[in-house]
Amino acid sequence: MADSNKTLYFSCQSGISGDMTVAALLDLGLDRGEFEKQLASLGLDGYRIEISRRDCGGINACDFNVVPTRHEHVHRHLKDIESIILGSGLTAEVKDLAMRIFGRLAAAEAKVHGVSVEEVHFHEVGAVDSIVDIVSASICLIMIGAQRTVCSPVPTGSGYVQCAHGLIPVPAPATVELLKGAPVYQSDVEGELVTPTGAAIIQTVAGAYGPLPRMRLDAAGYGAGKKKFKRPNVLRVFLGTDVSSADAPQTEDLLVLETNIDDMNPEIYSYLMPELLEQGALDVHLTNVLMKKGRPGVLLSVLCRPETELKLEAMIFAETTTLGIRQRAVSRCYLERRPATVETRFGPVKIKEVFRDGKLVRRACEYEECRRIA
């Protein structure tokens, strides 16, 4: 059962894969015996698991390996994997999560190869180790039972990787398809940082992407990657208690977009500001600044949620003369607000009610309502 106060955060500076995910989650301190008992109920043979610790660039990380005990060269369809999982002794929650992850993989492979989901042949993903990775990750995630899962922006790596279809560019086409909608960036590491399995897992469980949420940190886990880079190749996960409970102000993680402008007609700002708010900005303000060469300028600041960042940046570039926009993460503490309507001698009026710790502390008329009545 999910813990309504727990937040799980994936810090993916070195990417994410199936085995790294399992290792990092186990490193949070999960009951190893219970994990192995649930995995055994999968009823799949031809492998053994090895869980150990390994030094990764100075960080002592958990290492999870699935070791085949016999040679297997099987191309499975989604229905074959579904038969294995649904016919196992796994819990209903684990079965559901594992099948949702495999469903994402099948949809991505189908899109990349131009076939139906039913026709998809899983190559690497159909192998025993990948099935065990996904099921193991699902077991760990259900055991943790976090109410909220957040992930950092995802680095893609660069170069080429060898697969069943030959040499393909990094990130692999299936990984690109799976990461649609997620914030990504190309790091300076040459190699595959995100595997299709890792992308499918995080896209299935992450409810949001962004900086580390405000929480009381309870545990941290490190999952070892198999490749050696100039920096530690680990997936780091944080498990914490949400501090935005009933006895504390609510918080949320936001972004501030800023740019300095000294060569634009000031009349444009009166058009730009309401348009930014209409497109999802939470706040927009202008500050007079003195810029280089003694020029008076304007600092445009836009407060927004991470999911609206790209849209708002595109509008700023299109509607202003700026050549660059700065982004920085901020955390906002706020009071709960609820819309309401009151009856007055002028008729019904929309107001805003403000609550703290569940108690009403203030009421305020909406400005537009006051202007309409006036």
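Our subject is the structure that appears above.
Residues numbered from 1 in each chain as written. Predicted model: local features only at pLDDT ≥ 70, side-chain atom pairs only at ≥ 80, totals over all residues. Heavy atoms only, no water.

### Quick word on the side chain of S138
This is how it is decided: Secondary structure follows DSSP: runs of H or I at least 4 residues long count as helices, runs of E at least 2 residues long count as strands, and numbering of each begins at the N terminus. Two residues qualify as a contact provided that any one of their heavy atoms is within 4.5 Å of a heavy atom in the partner residue.
Among the structural elements, S138 can be located in helix α5 (residues 128–144). Sequence-distant contacts of S138, that is, excluding residues within four places in its chain, are made with V94, L97, A98 and I101.

### A few points about the environment of E93
Considering the arrangement of structural elements, one finds E93 in helix α4 (residues 92–113). Between the C-alpha atoms of E93 and Y271, which are 178 residues apart in sequence, the distance is 50 Å.

### Overview of the packing of α4 against α5
To keep things clear, this is the line we draw: Each axis is a line fitted through C-alpha atoms, and for a helix only the stretch in contact is used; angles between axes span 0 to 180 degrees, taken between their N-to-C directions. Working rule for angles: under 35 degrees goes down as roughly parallel, over 145 as roughly antiparallel, 65 to 115 as roughly perpendicular, anything else as oblique. Crossings are classed by handedness, with left-handed meaning an anticlockwise turn of the near helix from the far one by less than a right angle and right-handed meaning a clockwise turn. Classes in brief: Ala, Val, Leu, Ile, Met, Phe, Trp, Tyr, Cys and Pro nonpolar; Asp, Glu, Lys and Arg charged; the others, Gly included, polar.
Remark: α4 packs on α5, axes separated minimally by 9 Å, with the N-to-C direction vectors making an angle of 130 degrees. On the basis of the axis angle, α4 is oblique to α5. Handedness of the crossing formed by α4 with α5: right-handed. Contact with α4, carried on its side by E93, V94, L97, A98, I101, F102 and L105, involves S130, I131, I134, V135, S138, I139, L141 and I142 of α5 and no other residues of that element. Classifying every residue of the contact of α4 with α5 gives twelve nonpolar, two polar and one charged.

### Thoughts on the sheet that holds strand β15 (residues 283–290)
Applied cut-off: For two strands to pair, DSSP has to find at least two bridges joining them.
The sheet built from four strands is open, its strands ordered β15-β16-β14-β17 with antiparallel pairing. Bordering the open sheet on either side are β15 and β17 (326–334), each of which pairs with just one other strand. Averaged over all adjacent pairs, the angle separating strand axes in this sheet is 30 degrees, with direction ignored. The pairing of β15 with strand β16 (residues 296–304) spans eight bridges and is classified as antiparallel. Counterpart to L290 in the pairing with β16 is P296. Lying over the sheet, helix α9 (residues 309–319) contacts β14 (250–261), β16 and β17, oriented at roughly 20 degrees with respect to β14.

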